[in-house]
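Breakdown of the fold
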Amino acid sequence: MVRSLRKLIFSVYIGLYCLTVIALQICICSQFNKDPGAFPVATNGEPFPWRQLRLPKEVIPLHYDLFVHPNLTSLDFVASEKIEVLVKDATHFIILHSKDLEITNAILQSEEDSRYMKPGKKLNVLSYPAHQQIALLVPEKLVADLRYFVAIDFQAKLADGFEGFYRSTYRTLGGETRIIAVTDFEPTQARMAFPCFDEPSFKANFSIKIRREKRHISLSNMPKVKTIEVERGLLEDHFETTVKMSTYLVAYVVCDFSSVSGTTSSGVKVSIYASPDKWNQTHYALQASLKLLDFYENYFHINYPLPKLDLIAIPDFESGAMENWGLITYRETSLLFDPRTSSAADKLWVTRVIAHELAHQWFGNLVTMEWWNDIWLNEGFANYMELLSLNATFPELQFDDYFLDVCFQVINRDSLNSSRPISKPAATPTQIQEMFDEVSYNKGACILNMLKNFLNDEKFQKGIIHYLKEFSYRNAKNDDLWNSLSNNCLEGDFTSGGVCYSDSKMTSSTLTFPKESVEVKEMMTTWTLQKGIPLVVVKRDGDSLTIQQERFLKGVFKEDPEWKALQERYLWQIPLTYSTSSSDVIHRHILKSKTDTLDLPDKNSWVKFNVDSNGYYMVHYEEPGWDELIKQLNQNHSLLRPKDRIGLIHDAFQLVSAGRLSLDKALDLTRYLPRETSSPALLKGLQYLELFYRMVDRRNISDVSENLKHYILRYFKPVIDTQSWHDEGSVWDRMLRSAVLILACDLQHAPCIQKAAELFSQWMESSGKSKLIELAMEGKVIKTQNLGGLLMAISRNPTGQQLAWNFVRENWTHLLRKFDLGSFAVRMIISGTTSHFSSKDEFQEVKLFFDSLKAQGLHLDIFQTVLETIDKNIKWLEKNLPTLRTWLLASI
Ligand code: BES
Ligand code: ZN
């Protein structure tokens, strides 16, 4: 009753208001009556008819005709578009995304108007910048099931950041500065380049035309059909219509670049573009992309659907690369490779990024997540496909070993309470950007790896082929993936009574893991909807094992009062694997409950869980479990597999941070390392020792840092001395060499410093000076895109850390002018300059800064992650410094 009275008063009020405005707005009033409440106010003071961030579903786009003319001298662009839309439900307005665009004209044509070339009706355009939306108010209600054309003319400046349609500059070897224009849209920046339905599930076809000067070329998603000459000697390139795709994948570039091209086995033309002076660094990328595209076509059983694929190195680019369909944009360092000067790590990175973005052509472009909350379906998969494709095409890169670090990296974050589930609601552009983090990328990839090992390679491959085929040119949700992975029926297989018969083997919607069956979906939702990582505690009891799962937390110890509450309601379905000292057999068991028991297969001296570190869980062995493993490592480490050795080192030190294992035990585990034959395992051990060294060195705890320095130099002398000073051997040998030599020189190891100085002067004498001039020519000023990396590098150095942190605080407003709050760059700058802090004063300083930002309405999840990390560092030192001190005294 009260509600309807309020509604009545509201309607009267609105009615009176409506009488004072033009008839068109009376129509909007009916919307107010339907759903009373404050409507937003458009920039011209009129009510904006839509109040949600997500677009209404009444009108959907089918096709965009887009014309763009950038002027690289005046640094702006004029453009027009004609969007064909289908009306699902009658409505009085069309809502589109648009940001920082000046709309000069908007016209509506019915299908009939268009057919008979009638001019159409001018539309009233309202703008609501807070939601980056515009409303096109139509004079007469749009009729359901009919198609209309919306023609819009608009213009804007070429953006000077890294988003939307922006300008990038480079310097030629001759010292001339040149300008190019380039797009970067994901996740919500297509709206900065043209008004559009900028949500991933509004897929449409795009026909693009670009006007340019003769000295330039233009590129877009599709091949060019023709070029026509228009007024004043300008040229206009017309591109083929795209397949059905999301707005964030649209791309175009106007530049003066050169390219190399090749053709894949299936006939796709692949080209690599770079600025003319860097053209000679494009050949590696071409070979790698041809090989990788062939691999993916075979693996997915689906051909790349476009006739061409361009990969282009953009001088100013914020992220590493972007998978625009048919026109992938890269940072120069992610695509270009110079065999004379690039390092092993550079090669691994370039190959990885190419593999990642090519995987997106299927995972992301062909099948797209329904909404950004499931961005892991794009990024987790692309990250995981790097592993599968590189193992098959570039086995010499030994990416397998690198993949372990992908998982270790996210465990750092996932073992803090501030972590998040893989799928998480995201609404605002900042929240959407924040979804592009290590949880979506790395945890996504790691749980897929665990799932593949649980199902086996064939079932996994069939499942994802099924998923890609079923959802091609459409959008998918988590559950769609799990259903596809449970149902392995493909074309060629036949089904009967809900069971799929294939290759004379039977698979059903539940899959078998020894003696048990588990629903993929039921298992996987425990990994995607729940944050954190489980710790499996193993206790030996004669011939049986008691296994227990709990949530693994760093910085909060079992004896802390909050520990219990943080454990409640966490339960995973963990596909365990383990091996024992008595044989090579890999045993399997699914742990679904808190506690379980296992019978040990034979008499044996040790048990090691998580074979090859393929599972996303940590393992703790209650005494004498760790001792038995340490003993084995010391006696003959080769009886444990290399990836198991890496996993043991990792878990042991992580358990120290969680207060579950004493530091001296973890350090004892590293004693065998000088004899370690696997470079990645040795590197992992050294990384931990280096981490501790940096921590105590930063805090000026000089007795410990000096002793640790002596320990590392003395104990690892054989490793240091066997390093040659030539860039030779496998990728991992080379990575180990550079890490060991950098560490040895950092620790003031005299022979190292002497040799490095000698080589430096030799280099200066020969090629170095010309190289230096080249660098100086190119980088008169440091490119803004490198600021994050630079600040991180500065703060790694004890003397630079305060400098970098002060810079961030003092230049914060300026930073936000260059980068979005939620961008990779800002998040990297924040965590890179603060995460190594380990004192209470530093904690306070950082907290105060974050509080001041929050007070201005600026909030990022990473604030809490950083604070928890510093808190964890403080506790680590409090708890472990005395042990480290004593252990070192006994060891040197
Ligand atoms: N789709 C992303 C680019 C991106 C990142 C868009 C963040 C919007 C927000 C692209 O596929 C990507 O993941 N790039 C990575 C490189 C990759 C090898 C991990 C990057 O930019 O770091
Ligand atoms: Zn990606």
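Anything mentioned here points back to the structure above.
Here we summarise the structure given alongside this text. Keep in mind that this is a model prediction, so the values were computed, not measured.

**Digging into the site of ligand 1**
For ligand 1, the set of nearby residues contains 17 residues, the closest of which are E186, G320, E323, E379 and Y441. A distance of 3.0 Å is found between an oxygen atom of ligand 1 and a side-chain nitrogen or oxygen belonging to H356. Relative to its unbound accessible surface of 510 Å², ligand 1 loses 90% to contact with the protein. Going through the elements one at a time, β19 (321–322), α6 (344–360) and α7 (376–393) are the ones with two or more residues in the shell around ligand 1. If you tally residues by element for the shell around ligand 1, the top one is α6, at four residues. Residue composition of the shell around ligand 1, grouped by class: seven nonpolar, five polar and five charged.

**Observations regarding the coordination of the zinc ion (ligand 2)**
Protein-derived coordination of the zinc ion (ligand 2) comes from H356 (NE2), H360 (NE2) and E379 (OE), at a distance range of 1.9 to 2.1 Å. Of note, the donors binding the zinc ion (ligand 2) are all from one chain and are spaced H-x3-H-x18-E. Of this pair, H360 sits in helix α6 while E379 sits in helix α7, placing them 19 residues apart in sequence. On the basis of relative accessible area, H360 is assigned to the buried category, the value being 0%. Classification of E379 as buried rests on a relative accessible area of 2%.

**Overview of the nonpolar core**
Counting residues in each nonpolar core, the largest one holds 248 residues, and the members touching the most others are F194, Y252, F460 and F609. The biggest single contributor to this core is helix α4 (residues 283–300), with eleven residues. Grouped together as the second largest cluster of nonpolar side chains are 28 residues, L791, A804, W812 and L853 included.

**Focus on the pattern of salt bridges**
Evaluation of the coordinates by the stated rule reveals 47 salt bridges. We note a salt bridge from K452 to D457, for which the minimum N-O separation is 3.5 Å. Overall, K452 belongs to the buried group, its relative accessible area being 12%. By relative accessible area, D457 is classed as partly exposed at 49%. Through salt bridges with shared partners, one network takes in R211, E231, R232 and E236.

**Quick word on the sheet that holds strand β10 (residues 177–184)**
Here four strands make up an open sheet; going across it, the order is β9-β10-β15-β12 and the pairing antiparallel. Edge positions in the open sheet fall to β9 (164–171) and β12 (217–220), since each of these has one partner strand only. Averaged over all pairs of adjacent strands, the angle between their axes in this sheet comes to 15°, without regard to strand direction. As defined by bridge partners, β9 adjoins β10 across eight bridges and the pair is classed as antiparallel. Across the sheet, the residue bridging to S168 is I180, located in β10.

**Digging into the layout of surface pockets**
A volume near 540 Å³ is recorded for the second largest pocket. What lines the second largest pocket is a set of 27 residues, among which K99, D100, E163, M192 and D820 lie closest to the centre. Only β8 (147–157), α9 (429–434) and α25 (812–818) provide two or more residues apiece to the lining of the second largest pocket. For the lining of the second largest pocket, the class distribution of residues is eleven nonpolar, seven polar and nine charged.

**What to know about helix α27 (residues 840–855)**
Within an α-helix, residues lying three or four positions from one another point in the same direction, as the helix has 3.6 residues per turn. Over its 16 residues, α27 extends 22 Å from the first C-alpha to the last, a length consistent with the 22 Å expected when each residue adds 1.5 Å. Those residues of α27 that fall on the buried side of the exposure criterion are E842, F843, V846, F849, F850 and L853. Seen end-on, α27 carries its buried residues on one side only, within an arc spanning 135°. When the buried face of α27 is taken as reference, the exposed residues oriented beyond 90 degrees from it are K840, D841, L848 and A855. Packing partners of the buried residues in α27 comprise α24 (801–810), α25, α26 (824–834) and α28 (861–891). Looking at the residues trailing α27, positive phi occurs at G857, about 80°.

**Focus: empty space enclosed by the protein**
Following the criterion strictly, the structure yields six cavities of 30 Å³ or more and no others. Here the largest cavity defines a volume of roughly 150 Å³. The set of elements that each furnish at least two residues to the lining of the largest cavity consists of α8 (399–414), β33 (607–609), β34 (618–621) and α16 (642–657).

**A few points about the sheet that holds β33**
Taken together, three strands build an open sheet; the order of strands is β31-β30-β33 and the sheet is antiparallel. Edge positions in the open sheet fall to β31 (587–591) and β33, since each of these has one partner strand only. On average, each strand axis in the sheet is inclined to that of its neighbour by 30°, with strand direction left out of account. Relative to β33, strand β30 (residues 574–580) is paired through three bridges, and the arrangement is antiparallel. Each residue of the ladder has a partner; that of S579, found in β33, is K608.

**Concerning the packing of aromatic side chains**
All told, the structure shown has 52 aromatic pairs when counted by the stated rule. With a centroid separation of 5.6 Å and 75° between ring planes, the pair formed by F300 and F363 is classed as edge-to-face. Highlighted residues: F300 in helix α4 and F363 in the loop between α6 and β21 (367–369), separated in sequence by 63 residues. The same class applies to F300 and to F363, which are both buried. On the basis of an interplanar angle of 25° and a centroid distance of 4.8 Å, the ring pair of Y578 and F609 is categorised as stacked. Highlighted residues: Y578 in strand β30 and F609 in strand β33, separated in sequence by 31 residues. The residues Y578 and F609 share a single accessibility class, namely buried. One aromatic cluster is present, built from ring pairs that chain together F295, Y296, Y299, F300, Y304, W362, F363, F381, Y467 and F471. Taking the ring centre of F39 as reference, the NZ or CZ of R51 above it sits at 4.6 Å.

**Some points on unusual backbone geometry**
Look at the link from E186 to P187: it is a cis peptide, with omega at 0°. By the element assignment, P187 lies in the loop between β10 and β11 (205–212). A cis amide bond links E623 with the next residue in sequence, P624, at an omega value of 10°. Looking at the element boundaries, P624 is found in the loop between β34 and α15 (625–636). For L75, which is not glycine, the phi torsion reads 60° and is therefore positive.

**Here's the deal with the packing of α16 against helix α18 (residues 679–698)**
Running from N to C, α16 and α18 cross one another at 20°; their axes reach a closest spacing of 8 Å. By the angle class used here, α16 and α18 are roughly parallel. Counted together, I646, I649, H650, F653 and Q654 of α16 and P680, A681, K684, G685, Y688 and F692 of α18 form the full contact between these two elements.

**Structural notes on the environment of H63**
Looking at where H63 falls in the secondary structure, it is placed in strand β1 (residues 59–71). Along the sequence, H63 and A445 sit 382 residues apart, while their C-alpha atoms lie 34 Å from each other. Sequence-distant contacts of H63, that is, excluding residues within four places in its chain, are made with K82, I83, E84, A204, N205, F206, S207 and T241. A polar side-chain atom of H63 sits 2.7 Å from a polar atom in the side chain of S207.

Calculation notes
- Residues numbered from 1 in each chain as written.
- Chains lettered and ligands numbered in written order.
- Predicted model: local features only at pLDDT ≥ 70, side-chain atom pairs only at ≥ 80, totals over all residues.
- Heavy atoms only, no water.
- Near = heavy atom within 4 Å.
- Polar contact = N/O pair within 3.5 Å; in protein donor to acceptor, adjacent residues only side chain to side chain.
- Areas by Shrake-Rupley, 256 points an atom, 1.4 Å probe, with all protein chains shown as cover.
- Helix = DSSP H or I, 4+ residues; strand = E, 2+ residues; numbered from the N terminus.
- Nonpolar A, V, L, I, M, F, W, Y, C, P; charged D, E, K, R; others polar.
- Donors = N, O, S within 2.8 Å, 3.2 Å for Na, K, Ca; no water.
- Buried < 20%, exposed > 50% of the residue type's maximum accessible area, 1.4 Å probe, protein only.
- Core = buried A, V, L, I, M, F, W, Y, C linked by side-chain atoms within 4.5 Å.
- Salt bridge = Lys/Arg side-chain N within 4 Å of Asp/Glu carboxyl O.
- Pairing = 2+ DSSP bridges.
- Axes fitted to C-alpha atoms, helices over the stretch in contact; angles between N-to-C directions.
- 1 Å grid on protein atoms, 1.4 Å probe; cavity = no way out; pocket = protein on both sides within 12 Å on 5 of 7 lines; lining within 4 Å.
- Points joined across faces, edges and corners; volume = space filled by probe spheres on them.
- Expected span 1.5 Å × (residues − 1).
- Arc of directions from axis to C-beta.
- Contact = heavy atoms within 4.5 Å.
- Phe/Tyr/Trp six-rings, centres within 6.5 Å; stacked < 30°, edge-to-face > 60°.
- Lys NZ or Arg CZ within 6 Å of the ring centre and 35° of its normal.
- Parallel < 35°, antiparallel > 145°, perpendicular 65-115°, else oblique.

Nothing here speaks to function; it is geometry throughout.
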